[in-house]
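Below, each chain spelled out in residue letters.
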Amino acid sequence: MFASDSKLAFDLDQLKKLRDKTESIKITINEQRNSLITGLIHLRKDWRTPAGDYFFRSLDADWENNIDKFLETMERFNVVLNNAITEFEKVVDKANSINHI
């Protein structure tokens, strides 16, 4: 990285860490969603009571759709972060080339 990064108003390393953490969280949420779906499939087979019917009517309404929306939002956030990183890397490269003149 550029020798006098402290003069720049951004920290590429922090942006990259944030991008990587966001990706890690997305993967974890996706894995947990899939695990929950599997568990609910098994539970649905075994819980054949009025309480079970009520539970699944309440649950089936939106939970998976809301998780999908959240994952989509995180993906958009990652796209924005990646674009910012790419553009800031260009700024660092330009600053380095000017610094070496």
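Residues numbered from 1 in each chain as written. Predicted model: local features only at pLDDT ≥ 70, side-chain atom pairs only at ≥ 80, totals over all residues. Heavy atoms only, no water.

## Brief notes about helix H1 (residues 12-46)
Compared with the 51 Å implied by 1.5 Å per residue over 35 residues, the 51 Å span of H1 between its first and last C-alpha is a close match. For H1, the full list of buried residues reads Leu12, Leu15, Thr22, Lys26, Arg33 and Leu40. Those residues of H1 hidden inside the fold are in contact with helix H2 (50-60) and helix H3 (63-99). Capping the start of H1, Asp11 holds a side-chain oxygen 3.0 Å from the backbone nitrogen of Asp13, two or three residues further along. (Helix = DSSP H or I, 4+ residues; strand = E, 2+ residues; numbered from the N terminus. Expected span 1.5 Å × (residues − 1). Buried < 20%, exposed > 50% of the residue type's maximum accessible area, 1.4 Å probe, protein only. Contact = heavy atoms within 4.5 Å. Polar contact = N/O pair within 3.5 Å; in protein donor to acceptor, adjacent residues only side chain to side chain.)

## Focus: the pattern of salt bridges
Under the criterion given, the structure shown has 7 salt bridges. Two residues, Glu89 and Lys16, come together in a salt bridge whose shortest N-O distance is 3.1 Å. Placement of the pair is Glu89 in helix H3 and Lys16 in helix H1, with a sequence separation of 73 residues. Among the residues examined, Glu89 registers a relative accessible area of 30% and is labelled partly exposed. The salt bridge partner of Lys90 is Glu87, with a shortest N-O separation of 3.2 Å. Of this pair, Lys90 and Glu87 both sit in helix H3, separated by 3 residues, roughly a single helical turn. (Salt bridge = Lys/Arg side-chain N within 4 Å of Asp/Glu carboxyl O.)

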